[in-house]
Amino acid sequence: MILLVSGNYGTLNNYAEMYNVAILDNLGTLNNVGRLDNYTTLDNHATVNNYGTLNNNDLLFNYSTLNNVGTLNNKAWIDNDGMINNAGTFVIAIGALLTNGTNIYGTGTYTQSMGATVVDGVFSSVTPIQINGGTLSGSGVIQGDVMMGGTMAPGDSPGVLTIQGNYTQLTGGTFFAELAGLTPGTQYDQLVVSGLASLDGTLDVVLLNGFVVRVGDSFVLMTFGSENGQFSTLDLPSLPGYERWLLSYNANDLTLSVAGTPTPEPGGLLLLG
């Protein structure tokens, strides 16, 4: 189905393929179960439910409610002044933009209950981005604050995700980092936070591709303007008996390093004997 100029005031169900090549104004309910490709302008003033695949290749304006439980690929610009609820896979591609803004219709919000949000482009938000479950990943830029109750997994295995705002990890949140070498961005994950990083929950670190850490290795997992709090749970890879992990909460970074086990003093040896 190819839509040239149309308006939906009732219920429009797409079970196959639909291509919008002009203007589609939705003032009712649009249910996409198949594939919907937007090549020009899609204006949503009511409800869009995506259960299949929605590819935005140009302009999508959401003034009301957009529910995604399928796959939504944003390859251009989505301007959100309503509510986006994600429980599927929401991808902001390289060069693409998602904005949570404010106008006469309201203020944009983004809430994820499960699934995944991948930010490889730019996600700009005037309201805190709520990740209550699932994962947030990518190697792009988030302009705004992030509330993390799910899993923060910076990068694209691996990579660097930048937050130009504050990052708050809640008790149920997890920071997941992959280590495959000593270079941030290309060999291990890093989160860059310009503002305040408030930490709680779990730090989960894994080694990739057979990488073996050595005494003296150091990984700056996070940088920030300032920091408070600490992870309540550490899930770190096992090390040989003569090595141990050190986690340092510094003024402007969080660093994980590998140290050797201290040698007991002679008196201690006698005492242990």
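Just so you know, these numbers come straight off a predicted model, no measurement behind them.

Definitions and cut-offs
Residues numbered from 1 in each chain as written. Predicted model: local features only at pLDDT ≥ 70, side-chain atom pairs only at ≥ 80, totals over all residues. Heavy atoms only, no water. Salt bridge = Lys/Arg side-chain N within 4 Å of Asp/Glu carboxyl O. Buried < 20%, exposed > 50% of the residue type's maximum accessible area, 1.4 Å probe, protein only. Helix = DSSP H or I, 4+ residues; strand = E, 2+ residues; numbered from the N terminus. Pairing = 2+ DSSP bridges. Axes fitted to C-alpha atoms, helices over the stretch in contact; angles between N-to-C directions. Patch = residues over 30% accessible without salt bridge, like charges linked within 9 Å, V, L, I, M, F, W, Y side chains within 5 Å. Areas by Shrake-Rupley, 256 points an atom, 1.4 Å probe, with all protein chains shown as cover. Core = buried A, V, L, I, M, F, W, Y, C linked by side-chain atoms within 4.5 Å. Contact = heavy atoms within 4.5 Å. pLDDT = per-residue confidence, 0-100. Polar contact = N/O pair within 3.5 Å; in protein donor to acceptor, adjacent residues only side chain to side chain. Phe/Tyr/Trp six-rings, centres within 6.5 Å; stacked < 30°, edge-to-face > 60°.

Once the charged atoms of two side chains with opposite charge are near each other, the side chains can pair. One pass over the structure, following the stated rule, counts 1 salt bridge. R35 is the partner of D37 in a salt bridge, and the nearest nitrogen-oxygen pair spans 2.8 Å. When its relative accessible area of 35% is taken as the criterion, R35 is described as partly exposed.

What follows deals with the pairing of strand β18 (residues 109–112). Here β18 shows one buried face, formed by Y110 and Q112, and one open face, formed by T109 and T111. When strand β13 (residues 83–86) meets β18, the two strands line up parallel, connected through 4 bridges. Across the sheet, the residue bridging to N86 is Q112, located in β18. Pairing geometry for β18 and strand β21 (residues 129–131), over 2 bridges, is parallel. Residue pairing across strands places T111 opposite Q130, the latter belonging to β21.

Before going further, it helps to spend a moment on the sheet that holds strand β7 (residues 47–50). Here 11 strands make up an open sheet; going across it, the order is β2-β4-β7-β10-β13-β18-β21-β24-β27-β30-β33 and the pairing parallel. Here the strands that pair on one side only, and so sit at the sheet edges, are β2 (11–14) and β33 (226–229). Each strand axis lies, on average, 10° off the axis of its neighbour in the sheet, ignoring direction. As paired elements, strand β10 (residues 65–68) and β13 share 4 bridges and run parallel to each other. Paired with N68 across the two strands is N86, which belongs to β13.

Together, Y15, V33, Y51 and V69 make up a nonpolar patch on the protein surface, roughly 440 Å² of accessible area in all. Structurally, the position occupied by Y15 is in the loop between β2 and β3 (17–26).

Counting 50 residues, the largest nonpolar core has Y167, F175 and L221 as the members making the most contacts within it. Residues contacting Y167, with those up to four places away along its chain left out, are V146, M148, M152, F175, L191, V193, L196, A197, S198, L199 and M222.

We now examine the confidence of the model for the chain. Averaged over all residues, the pLDDT of the chain is 93; the fraction at 70 or higher stands at 93%. Contacts from residues 265–273, a stretch scored under 50 in pLDDT, to residues over four places away or in other chains number 1 contact.

Once that is clear, we can look at the side chain of N8. Within the element layout of this structure, N8 appears in strand β1 (residues 2–8). According to the relative accessible area criterion, N8 is buried, its value standing at 9%. Within polar-contact distance, the side chain of N8 engages the backbone nitrogen of G10 at 3.3 Å. Here the side chain of N8 touches N26 through a polar contact of 2.7 Å, side chain to side chain.

Applying the stated criterion across every chain, the model contains 9 aromatic pairs. The interplanar angle of 75° and the centroid separation of 5.7 Å between the aromatic rings of F61 and W77 together place this pair among those described as edge-to-face. With a gap of 16 residues between them, F61 in strand β9 (residues 59–62) and W77 in strand β12 (residues 77–80) connect regions that are remote in the sequence. A residue is classified by how much of its surface remains accessible, and W77, at 30% relative accessible area, is partly exposed. Between Y110 and F123 the ring centres are 5.2 Å apart and the planes differ by 75°, which places this aromatic pair in the edge-to-face class. Taken as a pair, Y110 in strand β18 and F123 in strand β20 (residues 122–125) lie far apart in primary sequence, 13 residues in all. Residue Y110 shares its accessibility class with F123, and that shared class is buried.

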